[in-house]
Amino acid sequence: MLDASKKTEFEKAAALRDKINAIRLFEQKQKIVNTGKQTDMDIAALARLGNKAFVEMFFIRAGRITGHQNYKMDDAGDTDPADIMSDFIKQFYSDTVVIPQEILTEYKISDIEIIEKWLSKKREKKVKISSPQKGERKELMRMVHKNAEVAAENYRINNLKISASKNKISEELAKKLGLESIPERIESYDISNISGSDNVASMVVFVNGKPSKKDYRKFHIKSFEGADDYRAMQEVIYRRFRHALDETEQIKNGTIKKEDAKFLPLPDLLLIDGGKGHLAAVNEILDAIECDIPAFGMVKDNKHRTRGLIAKKGEIELSAIDNVFTFITQVQDEVHRSAITFHRNRRSKGLTKSVLDNIPGVGNVKKAKLMSHFKSISQIKSTSLNELASVIDKRTAQNIIEYFKENKNVSTDSTRKS
């Protein structure tokens, strides 16, 4: 299995891993443990993999191994194994009803007396914790530790398989789009607004085919008001690359460190949520700033579902069973979700403009309260004075009633995705 993994033959490694696990499980179920008193006990051992720790638990009841379970602990870093084991024991038995007479740990935990006292009180019988150094119990610990190592290796192989799969998608994408190199960093952009106002944009990032949420960015369109998706997209692209140029200069001057830059590195590929017009608008900015990064539009069908990609020369057809189609759908759904969520969050905080801004006494705080309680302008418009006064002061509530009475034909807002 290890040899196949080193040769990047991940499918073969996974198949061998499953066979090994099946043999181990068979052996363990057949094994009768000779521990003298045949007491109930749990055995815990751990293996390390990078900054992660894998703790294996074996459960022995009446001298027989009745089961085992593996647990992954993230961000273990350089923490001492004894401290990892101590933290795990506390966490594991705080959520466990069944506590055995004895617990064997691979590493001797420092606060053993306190934990023994706590577990004994919880079990209402004495509980002993020890770390075997020789004999049958030491052999049992070796077996449990081996299983922890297998769990760590399984995790590593699965991650390599996922990484290989993602890289394969990137390779297929490069081939499908006729790119000169495989795109490692892909950025996607989408615009969202309400009735043509309060434009916002979202930038999502995929690295090696996987979302990199720490690199996501949000934009509030500042240069104009009204419905103009193309202009909004141009502003976002310009600002994104302007930030990158500024950060490059700041790094050269020593003002900031490279790792602190928020808009570097530059993308290898841009995927724009929109059709031919959106793509043309983006390419106009890229040409103006002399940025040679390939850009494509992600187009949808009449049911607002992903249809394919569009390039300068025309649309690129994608099969619904194609891996590239699946990936593009994922990107388009993610950037749409991000843009809509950003806009909704702004609305809930009263930061977006609406018809309520025209009513005396309604500021951002009261607007946020109203939108949080009533959810929409339509509902506020049809609400009684008493209901409004239960959320805000009566004078402002009266202003709202009078405003909508005088402006019966005023349009109510509805979220529109661009």
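Quick look at the structure, then. Everything quoted here is computed from the prediction, not taken from an experiment.

**Description of the pairing of strand β13 (residues 314–317)**
Now for step 1: Note that strand β12 (residues 306–311) and β13 share 4 bridges and pair antiparallel. Residue pairing in the sheet places Ala311 in a bridge with Gly314 of β13.
Now for step 2: From the end of β12 to the start of β13, which pair antiparallel, there are 2 residues.

**Here's the deal with the nonpolar core**
Generally speaking, nonpolar side chains in soluble globular proteins are found buried as a group.
Now for step 1: One finds Tyr189, Ile237, Leu270, Val282 and Leu286 to be the most contacted residues of the largest nonpolar core, which totals 26 residues.
Now for step 2: Put simply, the parts of the chain that give this core at least two residues each are β6 (185–194), β7 (197–207), α6 (229–253), β10 (269–273), α7 (276–288) and β11 (295–300).
Now for step 3: Top element by residues in this core is α6. It accounts for 6 residues.
Now for step 4: In contact with Val282, other than residues within four places in its own chain, are Met233, Ile237, Leu270, Ile272 and Ala295.
Now for step 5: One finds Ile169, Leu179, Leu269 and Met298 within the second-largest nonpolar core, a separate group that totals 23 residues.

**Some details on the sheet that holds strand β3 (residues 64–73)**
Now for step 1: Across the sheet, 5 strands lie side by side as β3-β2-β1-β4-β5; this open sheet has mixed pairing. Taken across any chain shown, the strands that pair with only one partner, and hence form the sheet edges, are β3 and β5 (128–130). Recorded for the sheet is a direction-independent mean angle of 20° between the axes of neighbouring strands.
Now for step 2: Where strand β2 (residues 52–61) and β3 come together, 9 bridges link them in antiparallel fashion. Directly across from Val55, in β3, lies its bridge partner Tyr71.
Now for step 3: Contacts from helix α3 (residues 81–94) reach β1 (41–49), β2, β3 and β4 (102–105) within the one sheet, and its direction differs from that of β1 by about 130°.
Now for step 4: Lying on the sheet, helix α4 (residues 112–123) is in contact with β4 and β5; it crosses β5 at an angle near 150°.

**Quick notes on the packing of α3 against α4**
Now for step 1: Two elements in contact, α3 and α4, have axes whose closest approach is 12 Å; the angle formed by their N-to-C orientations is 10°. Overall, the two elements α3 and α4 adopt an arrangement that is roughly parallel. Listed contacts from α4 to Ser86, Ile89, Lys90, Tyr93 and Ser94 of α3 are Ile115, Trp118, Leu119 and Lys122.
Now for step 2: When grouped by side-chain class, the residues that make up the contact of α3 with α4 number 5 nonpolar, 2 polar and 2 charged.

**Side note on the packing of aromatic side chains**
Now for step 1: Inspection of the entire model under this criterion finds 9 aromatic pairs.
Now for step 2: Measuring from centroid to centroid gives 4.8 Å for Phe92 and Tyr93, while their planes differ by 85°, and the two rings are edge-to-face. For the pair Phe92 and Tyr93, a shared accessibility class is recorded, and that class is buried.
Now for step 3: With a centroid separation of 6.3 Å and 50° between ring planes, the pair formed by Phe219 and Phe263 is classed as tilted.

**Description of the environment of Met371**
Now for step 1: Along the chain, the position of Met371 falls in helix α9 (residues 364–374).
Now for step 2: By relative accessible area, which is 9% here, Met371 ends up buried.
Now for step 3: Remark: the alpha-carbon pair of Met371 and Leu356, spanning 15 residues in sequence, is separated by 9.9 Å.

**Here we look at the pattern of salt bridges**
Now for step 1: Counted by the stated rule, this structure contains 21 salt bridges.
Now for step 2: The closest approach of N and O atoms between Arg61 and Asp42, which form a salt bridge, is 3.0 Å. Taken together, the residues Arg61 in strand β2 and Asp42 in strand β1 connect sequence positions 19 residues apart.
Now for step 3: For Arg61, a relative accessible area of 22% translates into the label partly exposed.
Now for step 4: With a relative accessible area of 1%, Asp42 lands in the buried category.
Now for step 5: Glu139 is the salt-bridge partner of Arg142, the closest N and O atoms lying 2.3 Å from each other. Here Glu139 and Arg142 lie together in helix α5 (residues 135–177), a separation of 3 residues that amounts to about one turn.
Now for step 6: According to the relative accessible area criterion, Arg142 is partly exposed, its value standing at 47%.
Now for step 7: For Glu139, a relative accessible area of 45% gives the class partly exposed.
Now for step 8: What emerges from the salt-bridge pattern is a single network uniting Arg185, Glu187, Lys214, Asp215 and Arg240.

The rules behind these values
Residues numbered from 1 in each chain as written. Predicted model: local features only at pLDDT ≥ 70, side-chain atom pairs only at ≥ 80, totals over all residues. Heavy atoms only, no water. Pairing = 2+ DSSP bridges. Helix = DSSP H or I, 4+ residues; strand = E, 2+ residues; numbered from the N terminus. Core = buried A, V, L, I, M, F, W, Y, C linked by side-chain atoms within 4.5 Å. Buried < 20%, exposed > 50% of the residue type's maximum accessible area, 1.4 Å probe, protein only. Contact = heavy atoms within 4.5 Å. Axes fitted to C-alpha atoms, helices over the stretch in contact; angles between N-to-C directions. Parallel < 35°, antiparallel > 145°, perpendicular 65-115°, else oblique. Nonpolar A, V, L, I, M, F, W, Y, C, P; charged D, E, K, R; others polar. Phe/Tyr/Trp six-rings, centres within 6.5 Å; stacked < 30°, edge-to-face > 60°. Salt bridge = Lys/Arg side-chain N within 4 Å of Asp/Glu carboxyl O.

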